[in-house]
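Examining the three-dimensional arrangement
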Amino acid sequence: MTAQVIKSKAAVAWGPGQPLSMETVDVMPPQAGEVRIRMVATGVCHTDAFTLSGDDPEGIFPCILGHEGGGIVESIGEGVTSVAVGDHVIPLYTPECGECKYCRSGKTNLCQKIRETQGKGLMPDGTTRFSKDGQPIYHYMGTSTFSEYTVLPEISLAKVNPQAPLEEVCLLGCGVTTGMGAVINTAKVQPGDTVAVFGLGGIGLSAIIGATMAKAGRIIAIDINESKFELARKLGATDCVNPMNFDKPIQDVIVEMTDGGVDYSFECIGNVNVMRSALECCHKGWGESVVIGVAGAGQEISTRPFQLVTGRVWRGSAFGGVRGRSELPEYVERYMKGEFKLDDFITHTMKLEDVNHAFDLMHEGKSIRTVIHF
Ligand code: NAD
Ligand code: AHE
Ligand code: ZN
Ligand code: ZN
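About the thresholds
- Residues numbered from 1 in each chain as written.
- Chains lettered and ligands numbered in written order.
- Predicted model: local features only at pLDDT ≥ 70, side-chain atom pairs only at ≥ 80, totals over all residues.
- Domains from an automatic or database assignment.
- Helix = DSSP H or I, 4+ residues; strand = E, 2+ residues; numbered from the N terminus.
- Nonpolar A, V, L, I, M, F, W, Y, C, P; charged D, E, K, R; others polar.
- Buried ≥ 20, exposed ≤ 12 C-beta atoms within 10 Å, placed from the backbone.
- Pairing = 2+ DSSP bridges.
- Right-handed = clockwise from strand over helix to strand, strands pointing away.
- Axes fitted to C-alpha atoms, helices over the stretch in contact; angles between N-to-C directions.
- UniProt positions renumbered as here; feature names shortened; annotations may be inferred.
- Near = placed C-beta within 6 Å.

1. With respect to the domain arrangement of the protein
Under the domain assignment, the protein is made up of domain 1 (6–173 + 342–373) and domain 2 (176–319). Domain 1 and domain 2 are separated by 28 Å when their C-alpha centres are compared. When residues in the side of domain 1 that touches domain 2 are grouped by element, the largest group, three residues, is from helix α1 (residues 46–53). Of the residues contributing to the side of domain 1 that touches domain 2, the split by class is nine nonpolar, five polar and four charged.

2. Observations concerning unusual backbone geometry
In most cases, non-glycine residues show a negative phi, while peptide bonds are predominantly trans. Across the junction of Phe61 and Pro62, the peptide omega takes the value -5°, indicating a cis bond. A positive phi angle, close to 55°, is found at Met141, a residue other than glycine. Within the element layout of this structure, Met141 appears in the loop between β7 (135–137) and β8 (149–153). Residue Asp259 is not a glycine yet carries a positive backbone phi of 55°. Relative to the elements of secondary structure, Asp259 occurs in the loop between α8 (250–257) and β13 (264–267).

3. Brief notes about the pairing of strand β11 (residues 218–222)
In terms of residue burial, β11 counts as a mostly covered element, since four of its five residues are buried. By the bridge criterion, five bridges tie strand β10 (residues 194–198) to β11 in an arrangement that is parallel. In the sheet register, Phe198 faces β11, and the bridge partner there is Ile222. Each parallel crossover has a hand, and for β10 linked through helix α6 (residues 202–213) to β11 it is right-handed. Bridge count for β11 against strand β12 (residues 239–241) is three bridges, and the pairing is parallel. Counterpart to Ile220 in the pairing with β12 is Asp239. In this region the chain leaves β11, passes through helix α7 (residues 229–235) and returns to the parallel neighbour β12; the handedness of that crossover is right-handed.

4. Some thoughts on the sheet that holds strand β6 (residues 130–132)
One open sheet accounts for four strands, arranged β1-β2-β6-β7; its pairing is antiparallel. The open sheet terminates on both sides in strands that have one partner only, identified here as β1 (6–12) and β7. Strand-to-strand twist across the sheet, computed as the mean angle between neighbouring axes with direction ignored, equals 45°.

5. Description of the UniProt feature "domain: Enoyl reductase (ER)" (unreviewed entry) in the protein
Within the UniProt annotation, "domain: Enoyl reductase (ER)" (unreviewed entry) is assigned to residues 17–372. With 28% helix and 22% strand, residues 17–372 has its two end C-alpha atoms placed 21 Å apart.

6. Some remarks on the site of ligand 1
Around ligand 1, a shell composed of 33 residues is seen, among which His46, Gly199, Gly201, Ile203 and Gly270 lie nearest. For the shell around ligand 1, the secondary-structure elements that each account for two or more residues are α1, α5 (175–187) and α6. Of the residues that constitute the shell around ligand 1, the class distribution is 17 nonpolar, 14 polar and two charged. For the shell around ligand 1, the domains that each give at least three residues are domain 1 (6–173 + 342–373) and domain 2 (176–319).

Structure representation (structure tokens):
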């Protein structure tokens, strides 16, 4: 049967800084190489709030935000072969085509096959599948998970074990994979290493899980909100530090605590001043700092070049360096085997109608992850 336009409940971002608005939107059938999915659950990540704030140079409105979802294939477009109706899938904002220069390089997970149109809020053919009363509504990060139904390119879906609870493994669509992957794939932390994690939201706490899995010897968790420390300790942090309790720069505090600095640090906030601290708390000669946080338009990082001349390394990580289609299903299997937990992260669950409250909780520092159930 040919797929039809579907009416879908969606939280629409009409403009920067405005609360999301619940609307019934039209979702077109998937075109060639595309898939329409029914969303089962989605997490709310700080990057959604960042784009809504207007700080994202790629922010485009009106759009449907959301990129940490789990869903079930509702219909497929012409030529789609890798997923079928009924498959359980996790949307990927970092697709994997397997054939572009980036995919073939073996050096990065940053597939660029559809990056240009994705950044403009469009499907690969340059059009959108969402509209409201005939007005086009843009996609976001190629995923738009704050909608009952969404359309994605086939290359932007990871097919996962149907036994896995989508209400939990949706967090592998961004936050948990990003933090764990940055430690394991990007930094390649080794047993005994000393690690500092700046910012204890979903990303930073997942980095702590990654560091614990990698058997880091010491894991220093840093946040200005001390209510985050209890979970950080439970996940493996050996030291919890609030920079506000010191009258000197936090990098000096950490260098003193660690006999010269850490082997690896991770910035999980999106604050360019903290990015500098994270680099400068690294050990002379070999310490490496990984930028994960996303900073607003116009912001830049700086340090004395001498910090790099003397052996510290600055690098970055997107989606934990994970190739979504070929590697994410394995993360789901590892979760199913009990190698790590996800329910610790889910501090709140709610309906899509309450998504603005999820943003409030995040801004007030009261949640780790809110999961929206459809
Ligand atoms: P979050 O808001 O849940 O957590 C941020 C944490 O940082 C909070 O606990 C907050 O108290 C703490 N914090 C804020 N200012 C601080 C400071 N000056 N010093 C110490 N701690 C401070 O956010 P999240 O969802 O965990 O996301 C974290 C960052 O990672 C965001 O910038 C997000 O956009 C980015 N991100 C990047 C990727 C990627 O692939 N690179 C993926 C997901 C998220
Ligand atoms: N659009 C922003 C950058 C946003 C950004 O860095 N996104 C991360 C994922 S954050 C997920 O929560 C990412 O993967 N970036 C790689 C990419 O290709 O977008 C800007 O500054 O323009
Ligand atoms: Zn995210
Ligand atoms: Zn590719």
